[in-house]
Amino acid sequence: MRVRRFGSAHRTGLRLATALVAGALLAATAPAAVAAPLAQGAGGAAAGAGRGRPDAAALQAALAAIVDAGGSTAALAELREAGRTTWRGAAGVSDLVTLAPVHTDGHFRIGSVTKTFVATVALQLVGEGRLRLDDTVEHLVPGAVPGGELITLRQLLQHTSGIAELTDDPRFEPADEAGIRRWLTTGRWTTYRLADLAAIGTAMPPTFPPGTGWSYSNTNYLLVAMAVERATGQRWEQVVERRIIRPLGLTQTSFPRTSPFVPPPHAHGYFSLPTGPADVTLRNPSGASAAGSGISTAADLDVFLSALLGGRLLRPAELAEMQRTVEVRPGVGYGLGLQRMDSPCGPLFGHTGSIEGFQSALVGTADGQRQIALSYNPFDHTKGAEQQRAVLGLLVKSLCPVSPTGGSPAAG
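The present account deals with the structure reproduced in this document. Bear in mind the structure is a predicted one, so any value in this text is a computation, not a measurement.

Cut-offs and rules
Residues numbered from 1 in each chain as written. Predicted model: local features only at pLDDT ≥ 70, side-chain atom pairs only at ≥ 80, totals over all residues. Heavy atoms only, no water. Helix = DSSP H or I, 4+ residues; strand = E, 2+ residues; numbered from the N terminus. Buried < 20%, exposed > 50% of the residue type's maximum accessible area, 1.4 Å probe, protein only. Contact = heavy atoms within 4.5 Å. Areas by Shrake-Rupley, 256 points an atom, 1.4 Å probe, with all protein chains shown as cover. Salt bridge = Lys/Arg side-chain N within 4 Å of Asp/Glu carboxyl O. Pairing = 2+ DSSP bridges. Arc of directions from axis to C-beta. Axes fitted to C-alpha atoms, helices over the stretch in contact; angles between N-to-C directions. Phe/Tyr/Trp six-rings, centres within 6.5 Å; stacked < 30°, edge-to-face > 60°. Lys NZ or Arg CZ within 6 Å of the ring centre and 35° of its normal.

1. Let's talk about the overall build of the protein chain
Argument step 1. Tallying secondary structure elements over the protein chain gives 13 helices and 14 strands in all.
Argument step 2. Of all 412 residues assigned to the protein chain, the portion counted as buried reaches 61%.
Argument step 3. Considering only intrachain contacts with a sequence separation of at least 6, the fraction spanning at least 24 residues in the protein chain is 72%.
Argument step 4. Here the protein chain displays about 14900 Å² of accessible surface, and carbon together with sulfur accounts for 54% of that area.

Structure (structure tokens):
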């Protein structure tokens, strides 16, 4: 199976919702990469009282490194274990004007973590017999995709459809600074319909024949959302709200259609331009839609992932399908709306996200007992490698802390 290599998260500093945002980060969570920092005491002080629990001071230092060494203006995170919050932290400033501190309960744009919500409701409908993973795209959304009779719902969810990435279109990825400034002035306020966005991606040549490769494409999830809407007769945002947000009490989570605002409190997102920082916090989210329009908090995301991996949202059969992954590179796989990252404490599942000014990671142990949600606001894009190391350091300390004697990481 051919695998297209990860590109940078922002080849020109601008994407609506990127493919595997922290591709290098996720690759780094493969056992060989994680074992080294663990063996060198990455847990060190992070181990707690013989129980393999991370130390709050170590986690705060790891979070601060995302800002200090990783070139972000802000970062916040929350760790949840066995159904309760065991640590939350913040670093940096909420905005570059007032220099106000970051709130640990701040809202943020979650980017492609939205996909996990969309995949979950699609699999709920599969469990109810209203959709089937082997249904073709032509059956689900007739006429939406050339050759759709050869592409299945499973392939959309798993990114093995071969359908092109709509953000390769110049409207979504300007080639130069002038294009970025046009997006800042007009492009970010454009309203898109779900079907129109999908048509941009499906009009491009396929990346490969269906089922013969893996390539991350936001277009896939626009089509999944269209299938959900056709099966339910409701907008996909309404379906997610009714099936996930309300039952779990995720009162700080929303999927706005066109509203440009992020609820307070929140950190601001910026582009770094030669003339100075450009605030990109406000934007019309319809250009990301079911691929990345969500807004949430670390607490809400942790509750969601715990419920998902703990079996509260899907039947065992559908959850198993969600966690059955295609190998993307050694130690990293992609299932049905979930990324898998192998680690010394077992496979970790979750998703990363990126949208202008915001990046996020939601990762947890396979049993749903431990999860961490992280949001950070990249600014200095020359520090990409340092940022990846800093984010990896926080994830390792949170999810795979070593024992005080340097033994095996605690599981779950």
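2. Observations concerning the pattern of salt bridges
Argument step 1. Going through the model one piece at a time under the given rule, you end up with 17 salt bridges.
Argument step 2. Across the pair aspartate 169 and arginine 171 runs a salt bridge, and its minimum N-O distance is 2.9 Å.
Argument step 3. On the basis of relative accessibility, which here comes to 13%, the residue aspartate 169 falls in the buried class.
Argument step 4. Overall, arginine 171 belongs to the partly exposed group, its relative accessible area being 48%.
Argument step 5. For the salt bridge of glutamate 237 with arginine 235, the shortest nitrogen-to-oxygen distance reads 3.9 Å.
Argument step 6. Owing to a relative accessible area of 11%, glutamate 237 belongs among the buried residues under this scheme.

3. Points about the pairing of strand E12 (residues 348–355)
Argument step 1. For E12, a buried count of 8 out of 8 residues is recorded, marking the element as mostly surrounded by other parts of the structure.
Argument step 2. Burial of the side chains of E12 extends over both faces: Leu348, Gly350, Thr352 and Ser354 are buried on one face and Phe349, His351, Gly353 and Ile355 on the other.
Argument step 3. Relative to E12, strand E11 (residues 339–341) runs antiparallel, the two being bridged by 3 bridges. By the bridge assignment for E12, arginine 340 is matched with phenylalanine 349.
Argument step 4. In sequence, E11 turns back onto E12 through a hairpin of 6 residues, with glycine 346 there showing a positive phi of about 100°.

4. Some thoughts on unusual backbone geometry
Argument step 1. A cis geometry characterises the amide bond from proline 264 onward to proline 265, with omega recorded as -5°.
Argument step 2. Mapped onto the secondary structure, proline 265 falls in the loop between helix H10 (236–248) and strand E6 (270–273).
Argument step 3. Of note, the phi angle at leucine 99 is positive, near 60°, even though the residue is not glycine.
Argument step 4. Assignment of secondary structure puts leucine 99 in the loop between strand E3 (84–92) and strand E4 (108–109).
Argument step 5. Classification of leucine 99 as exposed rests on a relative accessible area of 54%.
Argument step 6. Phi at serine 289 is positive, roughly 50°, even though this residue is not glycine.
Argument step 7. Along the chain, the position of serine 289 falls in the loop between strand E7 (276–279) and strand E8 (295–296).

5. Points about helix H7 (residues 177–185)
Argument step 1. Taken together, the buried positions of H7 are Gly179, Ile180, Trp183 and Leu184. Down the axis, H7 shows its buried residues gathered within 145° of arc, on one side only. Pointing more than 90 degrees away from the buried face of H7 are the exposed residues Arg182 and Thr185.
Argument step 2. Looking at the buried side of H7, the elements it contacts are E6 and E7.

6. Topic: the sheet that holds strand E2 (residues 72–81)
Argument step 1. Pairing is antiparallel in the open sheet, where 8 strands are placed in the order E3-E2-E14-E13-E12-E11-E10-E9. The sheet is open, and its two borders are formed by E3 and strand E9 (326–329), each paired with just one other strand. Neighbouring strand axes in the sheet, compared pairwise and without regard to direction, differ in orientation by 20° on average.
Argument step 2. Examined bridge by bridge, strand E10 (residues 332–334) and E11 share 3 bridges and lie antiparallel to one another. Looking at E11, one finds that glycine 333 is bridged to arginine 340.

7. Considerations on the packing of aromatic side chains
Argument step 1. The final tally for this structure, using the stated rule, is 9 aromatic pairs.
Argument step 2. Ring centres of tryptophan 183 and phenylalanine 271 lie 5.9 Å apart, and the angle between their planes is 40°; on these two criteria the pair is classed as tilted. Of the two residues, tryptophan 183 sits in helix H7 while phenylalanine 271 sits in strand E6, which places them 88 residues apart along the sequence.
Argument step 3. Overall, the relative accessible area of 4% leaves phenylalanine 271 in the buried class.
Argument step 4. A ring pair is formed by tryptophan 214 and tyrosine 334, whose centres lie 6.0 Å apart and whose planes are at 45°; its orientation type is tilted. With tryptophan 214 in strand E5 (residues 213–214) and tyrosine 334 in strand E10, this pair connects stretches of sequence that are 120 residues apart. Accessibility assignment for this pair places tryptophan 214 and tyrosine 334 in one class, buried.
Argument step 5. Members of the aromatic cluster, joined through ring pairs, are Phe117, Trp236, Phe255 and Phe304.
Argument step 6. Over the ring of tyrosine 221 we find lysine 115; its NZ or CZ atom is 6.0 Å from the centre of that ring.

In short, shape yes, function no, at least from these values alone.
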